[in-house]
Amino acid sequence: MKREADNVKILKGVPVFPGIAIGKALHIDRRKIKVVYEYLMNDEQVAAEIVRFKEAVEQAQLALLAIKEEIPEELRDHCSIIDSHLLILKDKMLYDQTLRIIAEEKINAEWALKKALKESQAIFERIQDEYIRNRFHDVEFVTERLLRVLTGHSLESLADIEDNVIIVAHDLSPADTTQMKPDRIMAFLTDMGGRTSHTAIIARSLGIPAVVGLETITGVVSSGDQIIVDGVTGTVIVNPPEETIQEYRQRQSRYEDYRIQTVKYGHLQAETIDGYQIKIKANVEFLDELPSVLEYGAEGIGLLRTEFLYLNRDELPTEEILFNAYSEVVERIAPNPVTIRTLDIGGDKFASSIKWVSESNPALGLRAIRFCLREKDIFKVQLRALLRAGCFGDLRIMFPMISGKQEIVDAKRILEEACEELYREGIPYKESVKIGAMIEVPTAAAIADILAEEVDFFSIGTNDLIQYSLAIDRINEHVAHLYEPLHPGVLRMIKQVVEAGHRGGVEVAMCGEMAGEASYMPILLGLGLDELSMNPLSVPQAKRIIRMSTMEEANEVVNDILQFSTADEIHAYLKTKWAKRFTEEFLWPSSQFTL
Ligand code: PEP
Ligand code: MG
């Protein structure tokens, strides 16, 4: 027993899909090829090296196409990931750049490729948006695949895994994850990754518990080690003693019961005991997530982020590309409504097709609606595609980062121009699309009464509203501890937006991360929000808590907490008042925010 305890290791990572798995590890060696040598070449060798590099790209292309062909039915939605890797293979940042370095510096392909990767890393690191920044991993995966072809190190296939195992890897590429048989994988654990990494996304759509960002898991686990994965808290226990295994078996069965019960009733209306209804919708970042929207009971999409269509492309997406994507979403979710947010890109956000100006403070720079109002042609292409997609269901359009009335007026004028153009060209479009403003800049919150006259709905983007009102960069880890949704100032601002919106006759939604946090549900109810939009997986739990609540108690909670002067007092109050009331919910927090 003692000896067993000595071996026990406990690691904490980022939980990306809840659930408990207990089983044997399979360590997949996906370490990077570390040793790459630099060779100088003469002109003749350079010409041959260019041919060798192009052949390696072709070989990698064929391997990816073969993987795509064999993707099992349940993972078909993920073909787009392989497609994006195929695009990266020929992207100018990697392909053209490597060829240029080989020719100009007269060096071997491996070294040139590594150099090109480093250059693109520098570009990605300056990107503020976490989702887009994380797409650098795709460039890394593709580079690694190419390096393996160039150096003759082949990758073992993961299609042959037959036992039930917990996969442990430094990182997993989309090609890896799409090759695996989902019924054989009990959990994924990786050193790398965050909430928006592909492993996380695929684990979510397969419903497999996963913890990423464990940093050193591959250093402490060997194949065959017994492991407990707690995908709720992000805890991983390696070589646990028997009593811990028993404890976790009980936790596993409690979790299964809870999850089954929660998901089973996920389709019920989010209605409080005393009959108050609130709409619960889903946030979607890319099309792979569509099946989970309806599966988990969301009543539509409250926020579709549209940046993904502008990435991994040398050219701007055409109106047809945008129209096809938007109409697919609107049609698949119909008759439920879909709120599509116009492009929230700018400043330091990377899209190779757009020439960016350099900014010293990009979070406060030319972003979102500011960028679109300056680049009217790019904006109008998106608006035309949206108006056309409106014919396929209940589409709403929402403008991000609104800071004052004039921006809405200007955006609506361009929308009107797009309508007139489509009319003249005889192209069908939806004439009366509902228009919304995201409330995520403090001035917009302060003048919500004025903005209410201009739009049909508001959606509070708490991720940015908190960033801008507390003056903390949302991606800077040194001030992350100050990120506080329950700051009295934030709560007052939300209350004021809801009241001003309602007085002006507009519905008020919330679509920042705060909206999906189970432990905040009674507060969000009491604040009077009409709609909450969240990660699809959080929907059943949010609905469950709402159905267990009364509006009367929720109002009481909000009245009480608005009397406090600090977030700490509010947390302490909620802990005593609500932890007892919603014991199960607090056992299974839906995100990193726990009381
Ligand atoms: C927000 O700011 O809360 C929001 C939903 O938008 P994003 O996270 O995309 O900036
Ligand atoms: Mg935002």
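All of the points below concern the structure found in this document. What you see is a predicted model; the values in this text were computed from it and never measured.

So, on to the side chain of Asn108. With respect to the secondary-structure elements, Asn108 resides in the loop between α4 (92-105) and α5 (109-125). What makes Asn108 buried here is its relative accessible area of 1%. Other than its neighbours up to four places away in sequence, Asn108 contacts Tyr37, Glu38, Tyr39, Met41 and Glu49.

Looking at the magnesium ion (ligand 2), one finds its protein donor set to be Glu440 (OE) and Asp464 (OD), positioned 2.0 to 2.2 Å from the metal centre. Remark: Asp464 occurs in helix α19 (residues 462-469) and Glu440 occurs in the loop between β13 (434-439) and α17 (442-446); sequence separation between them is 24 residues. Judged by relative accessible area, which is 3%, Asp464 ranks as buried.

What follows is about the pairing of strand β16 (residues 531-534). One face of the sheet, then the other: side chains in a regular strand alternate in exactly this way. Burial of β16 is two-sided: the residues Glu531 and Ser533 facing one way and the residues Leu532 and Met534 facing the other way are all buried. Here four bridges tie strand β9 (residues 279-284) to β16, and the two strands are oriented parallel to one another. Its bridge partner lying in β16, Lys281 is registered against Ser533. Here two bridges tie strand β15 (residues 507-510) to β16, and the two strands are oriented parallel to one another. Within β16, the residue paired with Ala509 across the bridge is Glu531. Each parallel crossover has a hand, and for β15 linked through helix α21 (residues 521-526) to β16 it is right-handed.

A few words on the sheet that holds β16. Taken in spatial order, the eight strands of this closed barrel run β9-β10-β11-β12-β13-β14-β15-β16, and their pairing is parallel. Each strand of the sheet is rotated relative to its neighbour by a mean of 25°, with strand direction disregarded. Sheet strands in contact with helix α15 (residues 376-389) are β11 (337-341) and β12 (394-399), and its direction is about 155° off that of β12. Of the strands in this sheet, β9 and β16 touch helix α22 (residues 539-548), which is tilted by about 160° from β9.

Reading the values: rules and limits
- Residues numbered from 1 in each chain as written.
- Chains lettered and ligands numbered in written order.
- Predicted model: local features only at pLDDT ≥ 70, side-chain atom pairs only at ≥ 80, totals over all residues.
- Heavy atoms only, no water.
- Helix = DSSP H or I, 4+ residues; strand = E, 2+ residues; numbered from the N terminus.
- Buried < 20%, exposed > 50% of the residue type's maximum accessible area, 1.4 Å probe, protein only.
- Contact = heavy atoms within 4.5 Å.
- Donors = N, O, S within 2.8 Å, 3.2 Å for Na, K, Ca; no water.
- Pairing = 2+ DSSP bridges.
- Right-handed = clockwise from strand over helix to strand, strands pointing away.
- Axes fitted to C-alpha atoms, helices over the stretch in contact; angles between N-to-C directions.

Taken by themselves, the reported measurements are silent on function.
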